[in-house]
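# Structural characterization, general
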Amino acid sequence: MRYSKLFGKTKLTTPHDSDSVNAKYLTQAGFVDKMAAGIYNFLPLGKRVLDKIVQIIREEMNAVDGQEIAMPALHPIELWETTGRTKTADAILYRTKGAGDKDFVFAPSHEEAVTPLAAKSVQSYKDLPISVYQFQTKFRNEPRAKSGVLRGREFGMKDMYSFHATEKDMDEYYERVKQAYLNVYERCGVKAYVVEASGGIFSDKISHEFSVVTPAGEDTILVCEKCNIAQNLEVAIGKVHNPENPEEKELPMKEVKAERGPSIDESAEAHKVAPSKVLKTVVYALSGGGLIGVCIRGDLKVNEHKLAHYLGSEVRPASKDELEKIGLVAGFISPVGLPKVKGGLKHGAEVGGDEKDVKEEKHGKTALPFVADNSIRDVKNFVTGANKKNLDLVNVNLGTDFTIDDFVDLVTVDESFGCAKCGSELTETKAIEAGNIFKLGTKFSKDFDLHFTNDQGKRDFVIMGCYGIGTTRLVGTIVEASHDEKGIIWPVSVAPYQVHLISLGAQKDSEVNTAAENIYEALQMAGVEVLYDERDESAGKKFNDADLIGLPLRIVVSSRTLKEKSVEWKLRNETEGKLVKYTDAPKEIIEWVHDCDCSGAV
Ligand SMILES: [Zn+2]
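Computed from a predicted structure; not experimentally measured. Within any chain, residue numbers begin from 1 and follow the written order of that chain's sequence. Predicted model: local features are reported for residues with pLDDT of at least 70 only, side-chain atom pairs are reported and counted for 80 or more only, and whole-chain, interface and lining totals are derived from all residues. Excluding hydrogens and water, the side-chain figures rest on all heavy atoms present in the structure.

## Brief notes about the coordination of the zinc ion
For a metal with four tetrahedral donors the ideal donor-metal-donor angle is 109.5 degrees, while six octahedral donors give ideal angles of 90 or 180 degrees. Coordination of the zinc ion by the protein involves Cys-224 (SG), Cys-227 (SG), Cys-419 (SG) and Cys-422 (SG), with metal-donor separations of 2.2 to 2.3 Å. With water excluded from the atoms, a metal site may look incomplete; its donors are any N, O or S atoms within 2.8 Å, or within 3.2 Å for Na, K and Ca. The rule is simple: four donors are tetrahedral if all their angles sit between 85 and 135 degrees, four are square planar and six octahedral if opposite donors span more than 155 degrees and the others lie between 65 and 115, and anything that fits none of that is irregular. Around the zinc ion, the four donor atoms are arranged such that angles at the metal cover 104 to 116°; this shape is classified as tetrahedral. Each donor residue of the zinc ion lies on the same chain, and together they follow the pattern C-x2-C-x191-C-x2-C. Here Cys-227 is found in the loop between strand E11 (219-224) and strand E12 (229-232), whereas its partner Cys-419 is found in strand E22 (residues 418-419), with 192 residues between them in sequence. Exposed residues in this analysis have more than 50% of their type's maximum accessible area, buried residues have under 20%, and partly exposed residues fall in between, with area computed by a 1.4 Å probe over protein chains only. Among the residues examined, Cys-419 registers a relative accessible area of 3% and is labelled buried. To qualify as a helix, a DSSP run of H or I must reach at least 4 residues; to qualify as a strand, a run of E must reach at least 2; elements of each kind are numbered from the N terminus.

## Comments concerning the environment of Ile-221
Along the chain, the position of Ile-221 falls in strand E11. According to the relative accessible area criterion, Ile-221 is buried, its value standing at 0%. Along the backbone, Ile-221 and Glu-534 are 313 residues apart, and their C-alpha atoms lie at a distance of 45 Å. In this analysis, two residues are considered to be in contact whenever any of their non-hydrogen atoms come within 4.5 Å of each other. Contact partners of Ile-221, with chain neighbours within four places excluded, come to Tyr-193, Val-195, Ser-211, Ala-230, Gln-231, Asn-232, Leu-233, Thr-427, Glu-428, Thr-429 and Ala-431.

## A closer look at a negative patch on the surface
A contiguous patch of negative charge on the surface is contributed by Asp-414, Glu-415, Glu-425 and Glu-428. Here Asp-414 lies in the loop between strand E21 (406-408) and E22. Note that patches include only residues with greater than 30% relative accessible area and no salt bridge, and the join distances are 9 Å for like charges and 5 Å for nonpolar side chains (Val, Leu, Ile, Met, Phe, Trp, Tyr). Per-residue and other accessible areas were derived by the Shrake-Rupley procedure at a 1.4 Å probe size, with only the shown protein chains allowed to occlude residues. Salt bridges are defined by distance alone: a side-chain nitrogen of Lys or Arg within 4 Å of a carboxyl oxygen of Asp or Glu. None of His or the chain ends enter the tally, which takes Lys and Arg as positive and Asp and Glu as negative. Here the site of a charge means NZ on Lys, CZ on Arg, CG on Asp, or CD on Glu.

## Remarks on the packing of helix H2 (residues 44-63) against helix H11 (residues 471-481)
Lines fitted to the C-alpha atoms define the axes, with helices restricted to the stretch that makes contact. Angles between their N-to-C directions range from 0 to 180 degrees. Across the interface, H2 lies against H11 with an axial gap of 9 Å and an inter-helix angle of 110°. In this view, H2 runs roughly perpendicular relative to H11, as classed from their interaxial angle. The two elements H2 and H11 meet at a crossing, and its hand is right-handed. Between H2 and H11, the residues in contact are Val-49, Leu-50, Ile-53, Val-54 and Ile-57 and Thr-471, Thr-472, Leu-474, Val-475 and Ile-478, respectively. Its residues assigned to classes, the contact of H2 with H11 shows eight nonpolar, two polar and no charged. Oblique is the label for every angle not falling under 35 degrees (roughly parallel), over 145 degrees (roughly antiparallel), or within 65 to 115 degrees (roughly perpendicular). Handedness of a crossing follows from how the near helix is turned relative to the far one, being left-handed for an anticlockwise turn of less than a right angle and right-handed for a clockwise one. Each residue gets one of three labels, nonpolar for Ala, Val, Leu, Ile, Met, Phe, Trp, Tyr, Cys and Pro, charged for Asp, Glu, Lys and Arg, and polar for the others, Gly among them.

## Focus: the pairing of strand E32 (residues 566-571)
Counting buried residues along E32, six of its six residues qualify, which places the element largely inside the surrounding structure. DSSP calls a pair of strands paired once it identifies at least 2 bridges connecting them. The loop that links E32 with its antiparallel partner strand E33 (residues 578-581) comprises six residues.

## A few points about the pattern of salt bridges
Side chains that carry opposite charge are capable of pairing whenever their charged atoms lie near each other. Counting across every chain of the model gives 34 salt bridges. A salt bridge links Glu-529 to Arg-48; its shortest N-O distance comes to 3.1 Å. One end of the pair, Glu-529, is in the loop between helix H12 (510-525) and strand E30 (530-533); the other, Arg-48, is in helix H2, with 481 residues separating them in the sequence. The partner of Arg-187 in a salt bridge is Glu-59, and the shortest N-O contact between them spans 2.6 Å. Of this pair, Arg-187 sits in helix H6 (residues 167-187) while Glu-59 is found in helix H2, placing the two residues 128 residues apart along the sequence. The exposure class of Arg-187 is buried, given its relative accessible area of 15%. Residue Glu-59 is classed as partly exposed on the basis of its relative accessible area of 26%. Residues joined in a network through salt bridges with shared partners are Arg-140, Glu-142, Arg-151, Glu-218 and Arg-473.

Written as structure tokens, this is what we have:
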């Protein structure tokens, strides 16, 4: 491709509203063009990258017996009413009216299309398993479309749906697709991890996300390199470092005056103990009302996401007023000596205390349910507040001096923890979600009566899985993961062209012009994808454009290189170039492309 003829050139200025590296570079380098927030045109360079990604995914889905189909984007609303998703997905649905006042939605997902479709062909267990996929434009009414092509209102997606007779078959297929997804990311030149998804507070759905490591990622993941697994920080589990000695002898509890500030460090300082010896108690308010006390080792942090999941309610730390109402003093709270709640643990105690589950005690303390993180189990002789201002307790022991209503994993895991599986070090890194897979069970099969006759001759609902990768999002993800301060660095497998050929002084120097044209022709004949910058522009401009566009191999022909009977050869991900004999150049470039292209990408 001659650069002078290319539709969509580089721009000198950064788009003023670009809020991410991918938006900035993809726009500036002429890959995409923003029409409106979250809505992008893909220009020739961008379309070539997208097509290569699509082809890699297609090959991997075919390899797990996926069959490609194409379903409509426009769905009659009745399909969505059948699954109840006109309500549950209401916020993101684009709706429209057709002729005769009929309601339609622009689909954000295709369970509503594929399930009734499958019901027309699946009758017996002999028709299963089956797996179909498509590449399609999806619509999602994002309240905040942002981050370039990462979070669009209209976006490209590969969605696959699988149908199974048994859970076992579903589980085995799910693992195959998981591996196929990892193959996709590897072939696209990015490092991805499988992450167990948190699934939201009220969801028990089994699902996994694929996270691509990039410094500007919106998620934080904890990685164990040894197990090759990653966890989302909000739900991560790990082995707590344990400096405490569970064999330590229990001493009798004592009250001690403590003129100190409210923090754990100040408490540890006042009693000359390590922060891990302080029993930390945080009181949380539940979104539906009620309070709950949470105990954890002093050097650890409560993970509010885990707590919310456990309680089935959003939580926030209780205010000073809320604490005072139930007779607690901020900074001096502990479960020691408080009245016990009868039942109703998960609901917490009502502020004000006139609910039937809540007992007022004579000295004005209200009963509060307590849960604790497992980390407090091994610690002996805790230091903690006495539920009175400037009064502490020392030598406080679980079971002897206080009890807890329930033990749960409530700790915020960070790099100081070990891998829960192997104990190795965990590394914290930023990542972007680049795909997800779900076990759907029989939810949609029941909605659309997708059943089959099993091998016992009985009627059963089909078990379903679904598997998504945002294709346009993956274009942006690769840029986020692979760039420098000058521009994009495309992995060879998805680069729009493999070679960026530059002639310097081509217009006024016929020798340079002829030499560059000859190389261009030889490479084209050999099927190498070349972007040929033959414009009458300065060397500086052409080099900057080449760095911004980010093709893997740059070849420069100039009067200077021709004096050495050579061309300059430079890889985008290396700083130094080298000279290659002009006569050998086409052959060496062809060999280089051949060696790189082990991925089988088009
Ligand atoms: Zn591990």
